[in-house]
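Remarks on the overall topology
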Amino acid sequence: MKKRMLGFMAAGLLFISMNSAFADNQVVDNSDLPEMTLYKDPYCGCCTAHAAYLEEQGIKVKMVNHPNISQVKMDLGTYMGASCHTIIMGDYVIEGHVPIASIRKLWDEQPNITGIALPGMPLNSPGMGPERKGSLRVMQIENDNTIKTVFNIE
């Protein structure tokens, strides 16, 4: 009897934890976000994975293979927080594997900045591996192209 009761309790806890996991991954309506143009090296697979992640979030993404991605970063001012790809969304620049919550915050708040960046290629960021909430520091790119503050912690 005790074993059966423990089995039911374990099954209930598993069901609850699975449902809360699904709730965390629910897609929000992002149809108001403009199409993004993602500039990447032609041979980068993680850039393609990040584009797929954004499309799963309801965002249209146009990928552009660029032979000199470093020049794109210099031209757009994201070199201080460089990652493997650079995105243009409206008047903003997004550098790297930035999670949708930070992109959403950028668009909703419309701050007077150049954009946001997730420098490097963190293994726990969208397109690189399983995302761990609270472990990513998305930085703010100021209008003078310096990175001074944390925009969001994901």
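Going by the structure above, here's the rest.
Description of the structure in this document. (Residues numbered from 1 in each chain as written. Predicted model: local features only at pLDDT ≥ 70, side-chain atom pairs only at ≥ 80, totals over all residues. Heavy atoms only, no water.)

The next point concerns the pattern of salt bridges. Enumeration according to the criterion identifies five salt bridges in this entry. A salt bridge links Arg104 to Asp32; its shortest N-O distance comes to 2.6 Å. Separated by 72 residues along the polypeptide, Arg104 in helix α4 (residues 100-109) and Asp32 in the loop between α1 (2-24) and β1 (36-40) bring together distant segments of the chain. Taking relative accessible area as the criterion, Arg104 reaches 14% and is therefore assigned buried. Look at Asp32 and you get partly exposed, because its relative accessible area is 45%. One network of salt bridges, with partners in common, ties together Asp32, Arg104 and Asp108. (Salt bridge = Lys/Arg side-chain N within 4 Å of Asp/Glu carboxyl O. Helix = DSSP H or I, 4+ residues; strand = E, 2+ residues; numbered from the N terminus. Buried < 20%, exposed > 50% of the residue type's maximum accessible area, 1.4 Å probe, protein only.)

Attention now goes to a nonpolar patch on the surface. Taken together, the side chains of Met74, Tyr79 and Met80 define a hydrophobic patch exposed on the protein surface, amounting to about 320 Å² of accessible area. Here Tyr79 is to be found in the loop between α3 (69-76) and β3 (86-89). (Patch = residues over 30% accessible without salt bridge, like charges linked within 9 Å, V, L, I, M, F, W, Y side chains within 5 Å. Areas by Shrake-Rupley, 256 points an atom, 1.4 Å probe, with all protein chains shown as cover.)

Quick look at the environment of Asn124 now. The topology assignment puts Asn124 in the loop between β5 (115-117) and β6 (137-141). Classification of Asn124 by relative accessible area gives buried; the value is 12%. Once residues within four sequence positions are removed from consideration, Asn124 is found in contact with Gly129, Pro130, Glu131, Arg132, Ser135 and Leu136. Within the local environment of Asn124, its side chain forms a polar contact with the side chain of Ser135, the two groups lying 2.3 Å apart. (Contact = heavy atoms within 4.5 Å. Polar contact = N/O pair within 3.5 Å; in protein donor to acceptor, adjacent residues only side chain to side chain.)

Here the focus is the sheet that holds β5. Read from one edge of the open sheet, seven strands run β2-β1-β3-β4-β5-β6-β7, paired in mixed fashion. Unpaired on one side and paired on the other, β2 (61-65) and β7 (147-153) mark the two borders of the sheet. Direction aside, neighbouring strands of the sheet carry axes that sit 25 degrees apart on average. Examined bridge by bridge, β3 and strand β4 (residues 92-95) share four bridges and lie antiparallel to one another. When the bridges of β4 are listed, Thr86 appears paired with Glu95. (Pairing = 2+ DSSP bridges. Axes fitted to C-alpha atoms, helices over the stretch in contact; angles between N-to-C directions.)

Purely spatial values, then, with no claim about function.
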